[in-house]
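Summary of the model geometry
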Amino acid sequence: MDAVRTSGGCAGHAVPGWAEILTEYGLTPDDLPDGLVVADESGRVICFNTAAARITALAPPAVIGLPIDQALPLEDLEGRRWWTVTDPYQGLATRTGQPERNLLLPGGREVLVSAKYVRTYPGGPVQRLVVALRGTEARRRTERSHAELIATVAHELRSPLTSVKGFTRTLLAKWERFTDDQKKLMLETVDADANRVTRLIAELLDISRIDSGRLEVRRQPVDIAAAVQRHVDALVAAGQRADRFAVRVAQPLPALWADPDKIDQILGNLLENAVRHGEGTVTIDVAPAPSKAQTEGTAVTVSDEGPGIPEESMSRVFTRFWRGSKRGGTGLGLYIVKGIVEAHGGTITVGRAPGSGAQFRFILPVGAPAFMA
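These notes cover the structure that comes with them. Given the structure is predicted, the values throughout are model-derived calculations rather than measurements.

**Side note on the environment of W175**
- Relative to the helices and strands, W175 is located in the loop between α6 (137-174) and α7 (180-212).
- Accessibility expressed as a relative area gives 39% for W175, which makes it partly exposed.
- Setting aside residues up to four positions removed in sequence, W175 forms contacts with T170 and K183.

Next up, the structure:
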């Protein structure tokens, strides 16, 4: 049957098939975000859309009409010709396609390729070979992000582990030479560094759970005002001035069901950031507020009087590795905070405080006990 032109770079046969399906929904192959290559029953290319041309750097007019193995001379990472290995037209008649995998075009260009074998009836000959192409940029960005995460955590782990190893080796080799006070100081340092390692590992696990959607929230009654005061007291005990903090609680607060350990993570991170990167008084406001779902909730606002966050950086505050200054840290804390708040069904925002400092505000809905969720 004669081929008819259906869009620039694609031609379809005058029989029911992919072209008619696209037309039914008012689409053309060039509207698809992924590369689309279609071969007919003889294995010749009848469609090569715009995305496929962009991904492969091939011109559609030069490809249309060629055998599929010549149009896309794909090889796997071991150098085997993909079309010879898969053999869609002469291979097993029970096959319905090929899962996505990373393949190479001439010149080393990487593409993600999957295929669907369209048969008129099960076990019949292939009438259409539909190939989907995607670039590898998104996957490479993910891989770079994972590599950067590993490098960051490894770098942060090296310092405390070196300290732990050094002090323990020294104590084991020269135990009798140190006074009790010296031994105590060394052991306290080891304990603090071990806690730092534990926190880093916990951050890594939290990121893994957030990225995979497996972050568990075990809801219990939480006195958010008491939790805020507990964190403030801990900072004062650690050496901060008591008059640097102002806690304002608007009563009555709605009953809050949340994960107390994760609420402590949120408060600890936000207050530590305000103390470390901000200046002046750190103000914590706790008040009732409507949540995202327009139901009753609790809002906590942490403000400082420092230089604040530049306007151009606010959109990146909750991304991985964002740091407000060069004062250390992994840059993962606020990313984890956002994941925890959203796991509770809440929202978190960043803005400028009335005194021009940074202001973080998170809202948690009332929620329900874990056994009712």
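There's plenty left to go through after this.
**Overview of α6**
- Counted at 1.5 Å a residue, the expected span for α6 with its 38 residues is 56 Å, and the 55 Å between its end C-alpha atoms agrees.
- Maximal helix bending in α6 amounts to about 25°, located at R158; proline P160 follows within four positions.
- When we look at burial in α6, the residues that qualify are L149, T152, V153, E156, L157, P160, S163, V164 and L171.
- Elements in contact with the buried residues of α6: α7.

**What to know about the nonpolar core**
- Among the nonpolar cores identified, the biggest contains 46 residues, and I284, F360 and F362 are the most heavily contacted of them.
- If one sorts the elements of this core by residue count, helix α9 (residues 260-277) sits on top with seven residues.
- With residues near it in sequence (within four places) discarded, I284 still touches V228, V232, F245, A246, V247, R248, L271, V300, T301 and V302.
- Ranked by size, the runner-up nonpolar core spans 24 residues in total, among them A39, V63, L74 and L103.

**Things to note about the packing of α7 against helix α10 (residues 333-343)**
- Axis separation between α7 and α10 bottoms out at 10 Å; the angle between their running directions is 45°. By the angle class used here, α7 and α10 are oblique. As for how α7 packs across α10, the hand of that crossing is left-handed. Contacts between α7 and α10 involve E203, D206, I207, I210 and D211 from the first element and Y335, I336 and G339 from the second.
- Split into classes, the residues belonging to the contact of α7 with α10 amount to four nonpolar, one polar and three charged.

Rules of the game
- Residues numbered from 1 in each chain as written.
- Predicted model: local features only at pLDDT ≥ 70, side-chain atom pairs only at ≥ 80, totals over all residues.
- Heavy atoms only, no water.
- Helix = DSSP H or I, 4+ residues; strand = E, 2+ residues; numbered from the N terminus.
- Buried < 20%, exposed > 50% of the residue type's maximum accessible area, 1.4 Å probe, protein only.
- Contact = heavy atoms within 4.5 Å.
- Expected span 1.5 Å × (residues − 1).
- Bend = angle between axes of the 7 residues up to and from the residue.
- Core = buried A, V, L, I, M, F, W, Y, C linked by side-chain atoms within 4.5 Å.
- Axes fitted to C-alpha atoms, helices over the stretch in contact; angles between N-to-C directions.
- Parallel < 35°, antiparallel > 145°, perpendicular 65-115°, else oblique.
- Left-handed = near helix turned anticlockwise from the far one by under 90°.
- Nonpolar A, V, L, I, M, F, W, Y, C, P; charged D, E, K, R; others polar.

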